[in-house]
Amino acid sequence: MADLEVQVQAQAGVAVEDGPAIELEALGRNYGERPALAGVSLKLAYGETLVVFGPNGAGKTTLLRILATLLRAHVGVAKVFDESLPAQAWKVRGRVGFLGHEPLLYRELTARENLRYHARLHGVGPERVEELLEAVAMSDRAGEPVCGLSRGMAQRVAIARATLHAPELLLLDEPYANLDPAAIRLIEPLIGASAGRTRVLTSHDPMRDLAEADLVLGLRDGRVQLLGDAAEIGSEDVAGLYR
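In this text, all values refer to a predicted model and were calculated from it rather than measured experimentally.

A.B. asks: What should I look at first to understand the overall build of the chain in this one?
C.D. replies: Counting its regular elements, the chain contains nine helices and ten strands. Against the compact-globule benchmark of 18 Å for 243 residues, the chain has a radius of gyration of 18 Å, which places it among compact chains. Each principal axis of the C-alpha atoms in the chain carries an extent, and together these give about 45 × 35 × 35 Å. Out of the 243 residues in the chain, the part that is buried amounts to 49%. The contacts of the chain with a sequence gap of at least 6 include a subset with a gap of at least 24, amounting to 68%. If you sum the accessible surface of the chain, you get close to 11400 Å²; carbon and sulfur atoms cover 50% of it. Averaging the coordinates of the 26 positive side-chain charges in the chain and doing the same for the 33 negative ones gives two points 6 Å apart.

A.B. asks: What should I look at first to understand helix H4 (residues 111–122) in this one?
C.D. replies: Every α-helix carries 3.6 residues per turn, so stepping three or four residues along brings you back to the same face. Spanning twelve residues, H4 covers 17 Å between terminal C-alpha atoms, matching the ideal 16 Å at 1.5 Å per step. For H4, the full list of buried residues reads Ala111, Asn114, Leu115, His118 and Ala119. All buried residues of H4 fall inside an arc of 135° around its axis, so they share one side. On its buried face, H4 sits against helix H5 (126–135) and helix H6 (151–163).

A.B. asks: What exactly am I supposed to notice about H6 here?
C.D. replies: Along its 13 residues, H6 runs 18 Å from first to last C-alpha, staying within 8% of the 18 Å computed at 1.5 Å per residue. By the criterion of burial, H6 is predominantly enclosed, with twelve of the 13 residues buried. Those residues of H6 that sit buried are Gly152, Met153, Ala154, Gln155, Arg156, Val157, Ala158, Ile159, Ala160, Arg161, Ala162 and Thr163. Buried residues in H6 make contact with strand E6 (96–99), H4, H5, strand E7 (169–173) and helix H7 (181–191).

A.B. asks: Explain the pairing of strand E8 (residues 198–203) here, please?
C.D. replies: Of all six residues in E8, six are buried; the element is thus mostly enclosed. Side-chain alternation along E8 places Thr198, Val200 and Thr202 on one buried face and Arg199, Leu201 and Ser203 on a second face that is also buried. Bridging between strand E3 (residues 49–53) and E8 involves five bridges; their strand directions are parallel. Considered in E8, the bridge of Val51 is made with Leu201. Note: E7 against E8, five bridges, orientation parallel. Bridge pairing in E8 places Leu171 opposite Val200. Read from E7 through H7 to E8, the crossover connection turns out right-handed.

Rules behind the numbers
Residues numbered from 1 in each chain as written. Predicted model: local features only at pLDDT ≥ 70, side-chain atom pairs only at ≥ 80, totals over all residues. Heavy atoms only, no water. Helix = DSSP H or I, 4+ residues; strand = E, 2+ residues; numbered from the N terminus. Rg over C-alpha atoms; globule rule 2.2 N^0.38 Å. Buried < 20%, exposed > 50% of the residue type's maximum accessible area, 1.4 Å probe, protein only. Contact = heavy atoms within 4.5 Å. Areas by Shrake-Rupley, 256 points an atom, 1.4 Å probe, with all protein chains shown as cover. Lys, Arg positive; Asp, Glu negative; His and termini not counted. Charge placed at Lys NZ, Arg CZ, Asp CG, Glu CD. Expected span 1.5 Å × (residues − 1). Arc of directions from axis to C-beta. Pairing = 2+ DSSP bridges. Right-handed = clockwise from strand over helix to strand, strands pointing away.

Below you can see the structure in the form of structure tokens.
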């Protein structure tokens, strides 16, 4: 798989760049009069992992959707790969893989049809589809409509979709939801720390995800409560976000 990942990146013209992969400055987004995010500032280097903790409604998903170019910030600066969002979003989208709470799959299409559709969008060959179906142990169920799959199986197909084009940045919204331990081991080479990509993931599980973090962001009511090097933040610090 690693060789094919390199080939896909080379075809996409991926280059090593200086500066941070993500740069946020006083980022804010409102829903009506309610601030979903307010005053978020940070820098994340290439190849590093940012883990975002916080209770439901803290602004974690809003942050990911802004970085994925699916939402516009109302105030502040957001840059991905030194491209300003949303003005230069078109330069960023092909370099990002987004895994949200919803699998973003066509329910009436089969798993294989969904992945082939996305492969065509990204200019990726069908052999990549079959490789990923095997990687997530879905080859035997690939001919079934997504609507007939369990949530865990649909999540595995969604992970294959998000990594299909070998993105440089992975945006992962609670990626281990609905997955049993065996499935988590399967998808680890695709989206885990060993994948070697810049990652932003949201989590409620500090015991697992602090170990993979380089930078930790803790949100509550859209505002920054924790921000720092993972080596300096413990599980008790994260637990305080939920009290």
